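Residue strings, one per chain:
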Amino acid sequence: MSTASDVRQRALALLPARDDLAAMLRRPRRDLVAGLTVAIVALPLALGFGISSGLGAAAGLTTAVIAGALAAVFGGSGLQVSGPTGAMTVVLVPIVHAHGADGVLAVGLLAGLILVGLAIARAGRYMAYVPASVVEGFTLGIACVIGLQQLPSALGVAPADSDQVAVVAARAVASFAAHPHWTAAAITAGVAALILVGARIRPTVPFSILAVVAATVLADAAGLDVQQIGELPSGLAAPSLAFLDLSTLWTLAGPAVAVAVLAALESLLSAAVADGMGVNHKHDPDRELFGQGLANLVTPLFGGVPATGAIARTAVNVRSGAGSRLAALVHAALLAAIVYTAAPLVGRIPLCALAGVLLATAVRMIEVGSIRAMARATRSDAIVLALTAIATLALDLVKAVILGLVVAGALALRAVARSARLQQVPLDHDLPGDHTEEERSLLDEHIVAYRIEGPLLFAAHRFLLELSEVAHVSVIILRMSAVSAIDASGALVLKDAIEKLQHRGITVLVSGIRPGHHRPLDALDVIKHLRAEGRVFPSTPEAIESARAHLHQRGILRDNDVLQ
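Residues numbered from 1 in each chain as written. Predicted model: local features only at pLDDT ≥ 70, side-chain atom pairs only at ≥ 80, totals over all residues. Heavy atoms only, no water.

Trainee: Could you clarify how one ought to interpret the layout of surface pockets in this entry?
Mentor: In this approach a probe as big as a water molecule rolls over the atoms, and the regions it shows empty are the leftover space. Quantified by volume, the largest pocket comes out at close to 1400 Å³. Lining the largest pocket are 43 residues, and of these Ala312, Ala315, Arg319, Arg364 and Met365 sit closest to its centre. Of all the secondary structure elements, the ones that give two or more residues to the lining of the largest pocket are α3 (28–53), α5 (86–120), α6 (132–149), α9 (182–201), α10 (207–222), α11 (253–277), α13 (311–319) and α16 (351–365). The residue makeup of the lining of the largest pocket, split by class, is 28 nonpolar, eight polar and seven charged. In this structure, the second largest pocket encloses a volume near 1100 Å³. By residue number, the principal contributor to the lining of the second largest pocket is α5, which donates seven residues. (1 Å grid on protein atoms, 1.4 Å probe; cavity = no way out; pocket = protein on both sides within 12 Å on 5 of 7 lines; lining within 4 Å. Points joined across faces, edges and corners; volume = space filled by probe spheres on them. Helix = DSSP H or I, 4+ residues; strand = E, 2+ residues; numbered from the N terminus. Nonpolar A, V, L, I, M, F, W, Y, C, P; charged D, E, K, R; others polar.)

Trainee: In this structure, what is going on with the packing of helix α4 (residues 57–74) against helix α14 (residues 326–341)? I would like to understand it.
Mentor: Geometry of a packed helix pair, given as the angle between the helix axes and the separation of the axes. Between α4 and α14, the least distance of the axes is 8 Å, while the angle of their chain directions is 155 degrees. As the angle between them shows, α4 and α14 are arranged roughly antiparallel. Read as a crossing pair, α4 and α14 show a hand that is left-handed. Contact with α4, carried on its side by Leu61, Ala64, Val65, Gly68, Ala69, Ala72 and Val73, involves Ala328, Leu329, His331, Ala332, Leu335, Ala336 and Val339 of α14 and no other residues of that element. (Axes fitted to C-alpha atoms, helices over the stretch in contact; angles between N-to-C directions. Parallel < 35°, antiparallel > 145°, perpendicular 65-115°, else oblique. Left-handed = near helix turned anticlockwise from the far one by under 90°. Contact = heavy atoms within 4.5 Å.)

Trainee: Looking at this structure, I do not really get the side chain of Gln149. What am I missing?
Mentor: Mapped onto the elements of the fold, Gln149 is located in helix α6. Gln149 sits in the buried class, given a relative accessible area of 17%. For Gln149, the contacting residues outside a window of four places in its chain are Ser52, Thr89, Val90, Val93 and Val165. (Buried < 20%, exposed > 50% of the residue type's maximum accessible area, 1.4 Å probe, protein only.)

Trainee: How should I be thinking about α14 in this particular structure?
Mentor: Along an α-helix, a turn takes 3.6 residues, which lines up residues three or four apart on a common side. Over its 16 residues, α14 extends 22 Å from the first C-alpha to the last, a length consistent with the 22 Å expected when each residue adds 1.5 Å. Within the span of α14, buried status applies to Leu326, Ala327, Ala328, Val330, His331, Ala332, Leu335, Ala336 and Val339. (Expected span 1.5 Å × (residues − 1).)

Trainee: Looking at this model, I keep getting lost on the side chain of Ser77. Mind explaining?
Mentor: Looking at the secondary structure, you find Ser77 in the loop between α4 and β1 (82–83). At 3.2 Å, the side chain of Ser77 forms a polar contact with the backbone nitrogen of Leu79. When neighbours within four sequence positions are excluded, Ser77 is seen to be in contact with Ala271, Ala274, His281, His283, Glu288 and Arg325. (Polar contact = N/O pair within 3.5 Å; in protein donor to acceptor, adjacent residues only side chain to side chain.)

Trainee: What is the right way to read the packing of aromatic side chains from this model?
Mentor: Working definition: an aromatic ring pair is given by the centre-to-centre distance plus the angle between the planes. Applying the stated criterion across every chain yields a total of two aromatic pairs. Relative to Phe290, the ring of Phe74 has its centre 6.5 Å away and its plane inclined at 75 degrees; by these criteria the two rings are edge-to-face. In this pair, Phe74 sits in helix α4 while Phe290 sits in helix α12 (residues 285–298), placing the two residues 216 residues apart along the sequence. Look at Phe290 and you get buried, because its relative accessible area is 11%. An angle of 80 degrees between the planes, with centres 5.1 Å apart, marks the rings of Phe176 and Trp182 as edge-to-face. Judged by its relative accessible area of 11%, Phe176 is buried. (Phe/Tyr/Trp six-rings, centres within 6.5 Å; stacked < 30°, edge-to-face > 60°.)

Trainee: Looking at this structure, I do not really get unusual backbone geometry. What am I missing?
Mentor: What is expected of a backbone is that most residues other than glycine have negative phi and most peptide bonds are trans. Its identity is not glycine, yet Arg122 carries a phi of approximately 60 degrees, on the positive side. As for its placement among the helices and strands, Arg122 is situated in the loop between α5 and α6.

Trainee: Where do I start with the pattern of salt bridges in this structure?
Mentor: Side-chain pairs of opposite charge can arise whenever the charged atoms involved come near each other. In total, this model carries nine salt bridges according to the counting rule given. With its nearest N and O atoms 2.6 Å apart, the salt bridge here joins Asp20 to Arg287. Of this pair, Asp20 sits in helix α2 (residues 18–24) while Arg287 sits in helix α12, and the two are 267 residues apart along the sequence. When sorted by exposure, Asp20 lands in the same class as Arg287, which is buried. Where Arg325 meets Asp20, a salt bridge forms, and the shortest distance between an N and an O atom there is 3.4 Å. Note that Arg325 is positioned in the loop between α13 and α14 and Asp20 in helix α2, a separation of 305 residues in sequence. Judged by relative accessible area, Arg325 falls into the buried class, the value being 7%. Asp20 gets classed as buried once you look at its relative accessible area, which sits at 15%. Ionic contacts of the salt-bridge type, sharing partners, join the residues Asp20, Arg287 and Arg325 into one network. (Salt bridge = Lys/Arg side-chain N within 4 Å of Asp/Glu carboxyl O.)

Now the structure itself:
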């Protein structure tokens, strides 16, 4: 009963609150201006990403409207703008090739269910564990993939029938070389250059829409032979479940998980970026997953593609002065108005102009300074960044992120394991009682204490094997109070070192084992025989006292050497 109540409480916590409405009414004018600005920026991106996904420009616009509105209302960030993105496009292309348009819509629906489940399970907090090097490599790889995807449209050639972006790009270049079409290439280059140069000179001006309008007017006025978007429906499609084929849903489970993981990763990353850019704003990661889940549940019903939080549009939203969800809602409403009133005009936009917009977007995604700093930080960060970027190009985005996380985790674990130290420490501070200089000298000659610091993990053999080579002593005291963690590998290496020392006739005493560390040591019989012989002690002074008694018993210390 309590479990059902907990789930109900979690679900209620994911719904919009009164504070959201209050924030929307606080400064509506600034939100209206920000929403208008984002809509102008989002229009060409939504068209371009819809075409790149394989479902067409109308699917991109539908996604921007439906997902943009739902995620704005139910999402966990008041500044986030959602819609079709380049990263999602990269994942959708192979799904289109394998399962067709209906498969993509079904995948979006399943991904929405997964995201809602993740939200109820409170999985959003785990985003904090994704290393920055993985995010940078992921972003770099996406930028390269988006750029390569645009080559067929940019060069005015038909795209090859392949889901491998490198193959499509190579065939596009070969086709262009055989039959050059300089008009499309020139428009693409002009649009991209205008956006990149204009953004540096006047960052607040929406050069993307200006460039697309200029290219469209030029193509119409001069009668240029370039491919256009084509006819768009003057309105959103009616809701439908016609794409659902229950017999094939199981085969789409894998792609749906990939889409859900990417949607969660990109949306939470974008929301975190918005937090950093905004003032006194913090997103709710679980609610953000819930909002994205609802958006992806509903959008396919209208023919839209899976959506995520969009970093570029979110950044424009924040820079334009947005302070609440109203800005993202205005952006979605304006795009809906364009769908209903200006569909014929939008259909005349040249594909090469949109290719220029997306090429400029790919270039702006690459933060050279950030990548250079990450590569210089540590060798591990450089390896993870490069590997994630290459895997994004060679495999797919989800596999690339998983590979990056695994390698980053392995390198971090190795670094932690290697941080363990073995240090010989003097007996002075722990020597009980008063002693003559002669006795101190004898004790120092025959008793050596080593303090093990840090985690005793799989890389412990690096110094524990050195310990087993210690010579010319009678007793070794292992001080373990500074050990932070022990695993089976470290325990076995410690056992091997103790056995080697005892085989050479050296008495081994252990002190200061933490309560939580007895279990692995006992399970692997590391100290079982030592405990049976009374050689395990709570503190180092007790171990030293036992060592003195042992030396006295062997005749190494004489009676007159020990002061009672």
